[in-house]
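# Residue-level structure breakdown
Now for the letters of each chain:
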Amino acid sequence: MRVLLTGATGVVGTELAHQLRAAAPEHGRPLDLVPVARRGDGVVHWRMGAEPPPAALTGHWDVIVHAAASTRWTLDRDEATAANLDPLRAVLALADPDTHLVQVSTAYVGGDRNPEDLRGSEFAGYRNGYEWSKARCEELARELHPGPLTLVRPPLVVGRRRTGEIARFSGPYTMLQALVSGTAAVVVGDPAGHAEISPVDEVAAALTAAVLTPPPDRPRTEVIAAGPDSLDLATLVDVILDTLNAFRAAHGTAPLDRPPLVPTESWNRFFLPLCERHLSPVQNQAVKLLAMFQSYTSMRRPFTPTWKVPDPATAMAASVHHWATRRPRLALARPEPWTLLS
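All of the points below concern the structure found in this document. For clarity, every value in this text was computed on a predicted model and none was experimentally measured. (Residues numbered from 1 in each chain as written. Predicted model: local features only at pLDDT ≥ 70, side-chain atom pairs only at ≥ 80, totals over all residues. Heavy atoms only, no water.)

This next bit is on the sheet that holds strand 5 (residues 100-104). Strand order in the open sheet formed by 8 strands is 3-2-1-4-5-6-11-14, and the pairing between neighbours is parallel. The two strands at the open ends of the sheet, each matched to only one other strand, are strand 3 (44-45) and strand 14 (307-308). Here 4 bridges tie strand 1 (residues 2-6) to strand 4 (residues 63-66), and the two strands are oriented parallel to one another. Along strand 4, the bridge assignment pairs V3 with V63. (Pairing = 2+ DSSP bridges. Helix = DSSP H or I, 4+ residues; strand = E, 2+ residues; numbered from the N terminus.)

At a minimum axis distance of 11 Å, the contact between helix 4 (residues 173-181) and helix 9 (residues 312-326) shows a crossing angle of 60°. Our classification of the angle between helix 4 and helix 9 gives oblique. Crossing of helix 4 over helix 9 shows right-handed handedness. Facing Y173, L176, Q177 and V180 of helix 4, the residues of helix 9 in contact are S319, V320 and W323. Residues of the contact of helix 4 with helix 9, tallied by class, amount to 5 nonpolar, 2 polar and no charged. (Axes fitted to C-alpha atoms, helices over the stretch in contact; angles between N-to-C directions. Parallel < 35°, antiparallel > 145°, perpendicular 65-115°, else oblique. Left-handed = near helix turned anticlockwise from the far one by under 90°. Contact = heavy atoms within 4.5 Å. Nonpolar A, V, L, I, M, F, W, Y, C, P; charged D, E, K, R; others polar.)

Further remarks concern the pattern of salt bridges. Tallied over the full model, the rule gives 11 salt bridges. For the salt bridge of R47 with E51, the shortest nitrogen-to-oxygen distance reads 3.8 Å. For E51, a relative accessible area of 32% translates into the label partly exposed. Notably, a salt bridge pairs R161 with E202, separated by 3.5 Å at the nearest N-O pair. Here R161, found in the loop between strand 7 (156-158) and helix 4, pairs with E202, found in helix 5 (residues 200-212); they are 41 residues apart in sequence, far enough to count as distant. Neither residue differs from the other here; R161 and E202 are each classed as buried. Here the salt bridges share partners, and the residues they tie into one network are E15, R160 and E165. (Salt bridge = Lys/Arg side-chain N within 4 Å of Asp/Glu carboxyl O. Buried < 20%, exposed > 50% of the residue type's maximum accessible area, 1.4 Å probe, protein only.)

In this structure the tally under the stated criterion is 3 aromatic pairs. An angle of 40° between the planes, with centres 6.0 Å apart, marks the rings of F123 and W132 as tilted. Judged by relative accessible area, F123 falls into the buried class, the value being 0%. A cation over a ring is seen here: R2 above W61, with NZ or CZ 3.6 Å from the ring centre. (Phe/Tyr/Trp six-rings, centres within 6.5 Å; stacked < 30°, edge-to-face > 60°. Lys NZ or Arg CZ within 6 Å of the ring centre and 35° of its normal.)

Moving on, we get to the pairing of strand 2 (residues 32-37). By the criterion of burial, strand 2 is predominantly enclosed, with 5 of the 6 residues buried. Pairing geometry for strand 1 and strand 2, over 5 bridges, is parallel. Paired with L4 across the two strands is V34, which belongs to strand 2. Traced from strand 1 through helix 1 (residues 11-23) to strand 2, the parallel crossover comes out right-handed. Two elements, strand 2 and strand 3, share 2 bridges in a ladder whose sense is parallel. In the sheet register, A37 faces strand 3, and the bridge partner there is H45. (Right-handed = clockwise from strand over helix to strand, strands pointing away.)

So this is what it looks like as structure tokens:
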């Protein structure tokens, strides 16, 4: 079974390669896994969409797992096209009608769309260039790929369920550093809103099943989520702070205070104008970056999962603890309170 895996050194790709190599013998499927990334050891180097594919990638592929993507929320349209749409077109050129394409998307392409939310008016109601590009990638895959297609939509990804291990700290881990440093003077969002997360090994398990089971007769969409059992924002913040404060107590460090939760409407209407007038440029930049989390941590309704994530609180606590053990200087730092400019 010849399988091409793009984004093989990323958060999801690293975990998927590990699981595929372990699971393939159990399914009686000899596995020829070819990992692809821009850089790294033990992978085929390819700048997808910017250069022709290497000779090692020619020939028939039984499965292509396209996990490569830029997940940066600040992408504009041109950047999102170059980072995510052009690479997909390059990957599709390697597929044939018998190739099962497994495309890693994001659950948020199926969430609420609001032209007034963040940069939604710029991206047809999607919150940022990343979401917009992943939605367009789904459309391209359906339109251009002649063979079997599985779209896999994970939410925000954290570490492994039991250990919290993850290839790199990105995305939701920004919130941890912000809480510890004092950058997150408040948490913006609806305290009762839904915050969907999934451990990375759960995402990899869904992808492994897609690769090693027979391909679908028609395009299939797998939504990885906890659904009605997802954490609300208030509980998410409690889990993060309880875990961090337990770590700090074990090291003789004072606990972190719980920041106030400010509804998004109040934040946008009253607090942001004050920030622009009274905070430093560095603080204002931090505010803008943290604002990207607003709609991800306070969704009005949960996703409807096809792949159910159980007990997300346990996975979140393991991830926070692992982050603290790997970043002890950050986890034990003393928060610096914000000061207004005179």
